Amino acid sequence: MRAKKRSTIPTATCWLWLACLFPNASSLAQVDEPSEAARSDSSRTQQLEFFEAKIRPVLVERCYECHAADSKIVRGGLQLDSRQAGLQGGDSGPAIVPGQPEDSLLIEALRHDSLEMPPDEKLPAQVIADFEEWIRHGAIDPRDEVLAGRLQPVDWEAAAKHWAFQPLSDPLPPVIEGLPVESSPIDRFILKELQAVGWEPAAAADKRTLIRRATYDLTGLPPTVDEVNAFLADTASDSFARLVDRLLESPRYGERWGRHWLDLVRYATSNGADENHELPNAWRYRDWVVRMFNQDLRLDQFIVQQLAGDLLPVPDDEQLAGELLTATGMLVIGPKMLAEQDKDKMTIDIVDEQIDTVARTMLGLTVACARCHDHKFDPISASDYYAMAGIFYSTKTMANRDFVSQWMERPLPSKAIEQQRAEHQLKIDAAKSQLAAFQSPADDEAIKTQNVSIEQLEKEMPPFEMVMATEEAEPQNLPVHIRGNHLQPGSEVIPRGVPVILTRSVTAPEIPSASSGRLQFAQWLVAPEHPLTARVMMNRVWMWHFGEPLMRTPSNWGLQAEPPTHPELLDWLAQELIRSGWSLKAMHRTIMLSATYQMSSRIRADYQEQDPENRRWSRQNRRRLEAEPVRDALLFVGGGLDQTMGNIAADVAAKRRAIYLPVNRAALYEMFSTFDYVETGNHLERRPVTTVPNQALFLMNSDIVHEQARRLVERLVQENARRAADSDTPPTELSTLANLDTQLELQAPQHRVSELFEHLFARSASTAEVARALQFVEAVEAKLSALEDPRERQLQAWSALCRTLMASNEFIYVE
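Predicted model only: the values in this text are computed from it and were never measured.

**Regarding the overall build of the chain**
Part 1 of the reasoning: On a plain count of helices and strands, the chain comes out with 32 helices and eight strands.
Part 2 of the reasoning: Here the chain has a C-alpha radius of gyration of 36 Å; the compact-globule value for 815 residues is 28 Å, and the former is much larger.
Part 3 of the reasoning: Counting across all 815 residues of the chain, residues that qualify as buried make up 50%.
Part 4 of the reasoning: Sequence-distant contacts, at least 24 apart, represent 69% of the contacts inside the chain between residues at least 6 apart.
Part 5 of the reasoning: Working note: accessible area of the chain is about 38800 Å², and carbon and sulfur atoms make up 52% of it.
Part 6 of the reasoning: Across the chain, the centroid of the 86 positively charged side chains sits 3 Å from that of the 118 negatively charged ones.

**A word on helix H15 (residues 343-363)**
An α-helix turns once per 3.6 residues; consequently, residues spaced three or four apart project the same way.
Part 1 of the reasoning: Look at H15: 29 Å from first C-alpha to last across 21 residues, which is about the 30 Å you get at 1.5 Å a residue.
Part 2 of the reasoning: In terms of burial, H15 is largely enclosed, as 18 of its 21 residues are buried.
Part 3 of the reasoning: Directly after H15, the chain includes Gly364, whose backbone phi takes a positive value near 70°.

**Re the pattern of salt bridges**
Part 1 of the reasoning: Applying the stated criterion across every chain yields a total of 57 salt bridges.
Part 2 of the reasoning: For the salt bridge of Arg615 with Glu562, the shortest nitrogen-to-oxygen distance reads 2.5 Å. Here Arg615 is found in the loop between helix H23 (605-610) and strand E7 (623-624), whereas its partner Glu562 is found in the loop between helix H20 (533-546) and helix H21 (567-579), with 53 residues between them in sequence.
Part 3 of the reasoning: The salt bridge partner of Arg624 is Asp676, with a shortest N-O separation of 2.7 Å.

**Details of unusual backbone geometry**
Part 1 of the reasoning: Backbone torsion omega between Met117 and Pro118 reads -5°, so that peptide bond is classified as cis.
Part 2 of the reasoning: With respect to the element layout, Pro118 can be found in the loop between helix H4 (105-110) and helix H5 (125-136).
Part 3 of the reasoning: Of note, the phi angle at Ala139 is positive, near 55°, even though the residue is not glycine.
Part 4 of the reasoning: Considering the arrangement of structural elements, one finds Ala139 in the loop between H5 and helix H6 (156-159).
Part 5 of the reasoning: The exposure class assigned to Ala139 is buried, which follows from its relative accessible area of 9%.
Part 6 of the reasoning: Phi is positive for Asn614, which is not a glycine, with a value near 55°.
Part 7 of the reasoning: Positionally, Asn614 belongs in the loop between H23 and E7.

**Some thoughts on the packing of helix H29 (residues 749-761) against helix H30 (residues 767-783)**
Part 1 of the reasoning: Relative orientation of the contacting elements H29 and H30 amounts to 110°, with a least axis distance of 10 Å. With respect to H30, the axis of H29 lies roughly perpendicular. Residues Pro749, Gln750, Val753 and Phe757 of H29 pack against Glu769, Val770, Ala773 and Leu774 of H30.
Part 2 of the reasoning: In terms of residue class, the contact of H29 with H30 is made up of six nonpolar, one polar and one charged.

**Digging into the packing of H30 against helix H31 (residues 790-806)**
Part 1 of the reasoning: Packing of H30 against H31 leaves a shortest axis separation of 9 Å and a crossing angle of 130°. The orientation of H30 relative to H31 falls into the category oblique. The interaxial crossing formed by H30 with H31 has right-handed handedness. Judged by residue contacts, Ala773, Leu774, Phe776, Val777, Val780 and Glu781 of H30 engage Arg793, Gln794, Ala797, Trp798, Ala800, Leu801 and Thr804 from H31.
Part 2 of the reasoning: Tallied by class, residues from the contact of H30 with H31 come to nine nonpolar, two polar and two charged.

**A word on the packing of aromatic side chains**
Part 1 of the reasoning: One pass over the structure, following the stated rule, counts 23 aromatic pairs.
Part 2 of the reasoning: Ring geometry for Phe51 against Trp134: centres 5.6 Å apart, planes inclined by 40°, an arrangement best described as tilted. Taken together, the residues Phe51 in helix H2 (residues 36-63) and Trp134 in helix H5 connect sequence positions 83 residues apart.
Part 3 of the reasoning: Given the relative accessible area of 0%, Phe51 is considered buried.
Part 4 of the reasoning: Counting every residue linked through ring pairs, the aromatic cluster contains Tyr253, Trp261, Tyr285, Trp288, Phe293 and Phe302.

**Thoughts on the confidence of the model for the chain**
Part 1 of the reasoning: Scored by pLDDT, the chain comes out at a mean of 90, with 91% of its residues at no less than 70.
Part 2 of the reasoning: In the predicted structure, residues 1-31 sits below a pLDDT of 50 and forms seven contacts with residues beyond four places in sequence or in another chain.
Part 3 of the reasoning: Segment residues 731-738: pLDDT under 50, and twelve contacts once partners within four positions in sequence are set aside and those in other chains are kept.

**Focus on the environment of His112**
Part 1 of the reasoning: Within the secondary structure layout, His112 lies in the loop between H4 and H5.
Part 2 of the reasoning: On a C-alpha basis, the gap between His112 and Lys122 in space is 6.9 Å, while along the polypeptide they are ten residues apart.
Part 3 of the reasoning: Beyond its immediate chain neighbours, meaning those up to four positions away, His112 contacts Met117, Pro118, Glu121 and Lys122.
Part 4 of the reasoning: Looking at His112, its side chain comes within polar contact range of the main-chain oxygen of Pro118, at 3.0 Å.

**Description of the state of the cysteines**
Part 1 of the reasoning: All chains considered together, the criterion is met by zero disulfides.
Part 2 of the reasoning: Among the cysteines around Cys63, which has no disulfide bond, Cys66 carries the closest sulfur, lying 8.8 Å off.
Part 3 of the reasoning: Cys63 sits in the buried class, given a relative accessible area of 4%.

**Focus on the environment of Tyr607**
Part 1 of the reasoning: Tracing the backbone through its elements, the reader meets Tyr607 in helix H23.
Part 2 of the reasoning: For Tyr607 and Gln450, which are 157 residues apart along the polypeptide, the C-alpha to C-alpha distance reads 85 Å.

**Points about the nonpolar core**
Part 1 of the reasoning: With 179 residues, the main nonpolar core has Trp261, Tyr285, Leu307, Phe521 and Leu573 as its most contacted residues.
Part 2 of the reasoning: Apart from the residues lying within four places of it in its own chain, the contact partners of Leu573 are Ile186, Met538, Trp542, Leu550, Met587 and Ile591.
Part 3 of the reasoning: Phe50, Cys63, Ile96 and Leu123 belong to the second-largest nonpolar core, a separate cluster that totals 24 residues.

**Examining helix H19 (residues 518-525)**
Part 1 of the reasoning: The buried fraction of H19 amounts to seven of the eight residues, a majority that puts the element mostly inside the structure.
Part 2 of the reasoning: Elements in contact with the buried residues of H19: helix H13 (299-308), H15, helix H16 (382-393), strand E1 (395-396), strand E4 (471-472) and H20.

**Here's the deal with the side chain of Thr219**
Part 1 of the reasoning: Checked against the element boundaries, Thr219 lands in helix H8 (residues 207-219).
Part 2 of the reasoning: Relative accessible area serves as the criterion here: at 4%, Thr219 is assigned to the buried category.
Part 3 of the reasoning: A polar contact is formed between the side chain of Thr219 and the backbone nitrogen of Leu221, at a distance of 3.2 Å.
Part 4 of the reasoning: Once residues within four sequence positions are removed from consideration, Thr219 is found in contact with Leu247, Ser250, Arg252, Arg256 and Arg657.

**Description of the side chain of Thr366**
Part 1 of the reasoning: Here Thr366 is to be found in the loop between H15 and H16.
Part 2 of the reasoning: Residue Thr366 is classed as buried on the basis of its relative accessible area of 15%.
Part 3 of the reasoning: A polar side-chain atom of Thr366 sits 2.8 Å from a polar atom in the side chain of His375.
Part 4 of the reasoning: If sequence neighbours within four positions are ignored, Thr366 has contacts with Arg360, His375, Asp378, Ser555 and Asn556.

Criteria and thresholds
Residues numbered from 1 in each chain as written. Predicted model: local features only at pLDDT ≥ 70, side-chain atom pairs only at ≥ 80, totals over all residues. Heavy atoms only, no water. Helix = DSSP H or I, 4+ residues; strand = E, 2+ residues; numbered from the N terminus. Rg over C-alpha atoms; globule rule 2.2 N^0.38 Å. Buried < 20%, exposed > 50% of the residue type's maximum accessible area, 1.4 Å probe, protein only. Contact = heavy atoms within 4.5 Å. Areas by Shrake-Rupley, 256 points an atom, 1.4 Å probe, with all protein chains shown as cover. Lys, Arg positive; Asp, Glu negative; His and termini not counted. Charge placed at Lys NZ, Arg CZ, Asp CG, Glu CD. Expected span 1.5 Å × (residues − 1). Salt bridge = Lys/Arg side-chain N within 4 Å of Asp/Glu carboxyl O. Axes fitted to C-alpha atoms, helices over the stretch in contact; angles between N-to-C directions. Parallel < 35°, antiparallel > 145°, perpendicular 65-115°, else oblique. Nonpolar A, V, L, I, M, F, W, Y, C, P; charged D, E, K, R; others polar. Left-handed = near helix turned anticlockwise from the far one by under 90°. Phe/Tyr/Trp six-rings, centres within 6.5 Å; stacked < 30°, edge-to-face > 60°. pLDDT = per-residue confidence, 0-100. Polar contact = N/O pair within 3.5 Å; in protein donor to acceptor, adjacent residues only side chain to side chain. Disulfide = S-S within 2.5 Å. Core = buried A, V, L, I, M, F, W, Y, C linked by side-chain atoms within 4.5 Å.

Shown next as structure tokens:
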């Protein structure tokens, strides 16, 4: 296309034409320059138009979701829905510095230099350039109205009055008319609230329900048929109390309640994160937890030893000294980015997850939320966070800072191994002396041989048994890290300490300058006057017995938490824990011997309508078992459970109890995840309960279910044949199926159905259930008609019935 020819008419000629057309045209050539005010108004108008066209639409579309008054949570404390809010900024300081885009955090965030906004994807370069131009020209913004965000700053004085931060009260159990004074204080607190609304507690559960409930609660396994029958036959008034005592003395108790604790402290046997290395000695900490529960170690000492066992006086007894080291594995077993090449970041990230675990487990507070800024909901400042961080930063949980770093392990004390090592060292020294004697070039071959011998001797040095454990590092106080970034330390260094809000009830510990402060922190946590620790722990114990806690967010007791349903009862339980010498077993007895615990879980429709969550505790709660007891119960009833204690199973296919199986953070055992055990890297305050098709499919198709169902049927057939046989008749060879047809004939089908119910549900089958079960067996046998062996046909049919019962809700729920 040809370009248009440029005009060559002289400028003077243009003015001549204008003069002819307009007599006053000369005045056009002498127009006054616009005033400064006029130019300013024009520029402002242009900038306002630029804001409306280029800036406001982006803010509304891409920023308001997280940075406006009506955002669910105002991220980073930053609002961008008014001019003043942008200038004021958020936790990181002013977002906009008019005229200076390079100094404006908003531009830094849009560029994704350190902050990233929007976080999902970077805005187009032209949009970022528009924001830079807007700020360079003064950030003109017509939005004068300041809108208050939903999230207001924490009122510290009001927060100090929060119920959870108040000292423990010591309430007297109420006197209830018609209830003996010696009755359980728990029942009196519960009855007081029920009577206030004219309600009555549910009737007591029957004995079969009680023994099944108690046995699962304390051991994680179902009761045997013999145990059920013995309990039914015991008509003494204290029969349930003696049952509870027996269960508390069982070694299975530590396995059950130790597993609860391991959820809180994120136990696993692999590192997870980037490298996912196996933690070969993590099981030693887990075994320590099981032992301490079985020994009923005082709960306050249980906490202190995990935080600072290595700082306690070393006992003369090697076993006890080793236990104190092993306890501190709690701080080491968390996930870590071992290949993180910024090792300072790796260290502070490890400290962060330690703070989160300890604070939520023992204090019930989300202190880790204050890493980047003051807590948005609770009276926990960034200074509080870095005061605690200094304690853990001054604790060594990593052995080195290599390319792939290694966690801390320490040898268990052993004089026997020390002696063996000393004797072996003499052999190494002697071999080195022989090596030194070789001087001639003719000795080259002998030198090589001797070096190989020395190398082999060094490899054969008797090893210590190692445990994951902590030790003191160089004590350090940390500054607040701006926006949680260790590369941007603040100017003020924060002394090691504890959250200030809690020191109103229990004086802050004095931390020696040469100490990390772990021991002082641990002792402060378990001080009798501490407002949280005993409350938090008893709330968890109640939850593990009733399925729901008295305070519904067991790891978050901050300002957003609902008050407990029965605050006086919770305080009484906390005080009773302290009075009992911090004995968990004593508290189990106290709770389980109450009528409240022993209530039926049967629902009354009228109560359910008014109190669907059972917050008045008018009945016991029906609860589904977690993944581990579901699996263990399947193996137990089938007779396939290996109850060997300690160490670690070879793999998840082992028949050991689930607590001894490896927990691979990067490849979790499918059965665990199917039944809601999915979080292994963080503190887990309670197991979620979902109902999904995968669970039913597992119970119908799992190899465990098929194998154990067949084992149970075979065992029942054999046991009945044994009982039916004449005492003078030699025992039948029951290990084979050669005479299975005879055994099946000796056992009445109706009785066989009832026995299955007793093994699986701790109850007899009703007449209707027997009839349906027999119909099912007949139908399955008919479908198996192609099988020529009648014995195998019967066995498969009865195994199918057993699998069906195992897949029922009654097997995996506790009433």
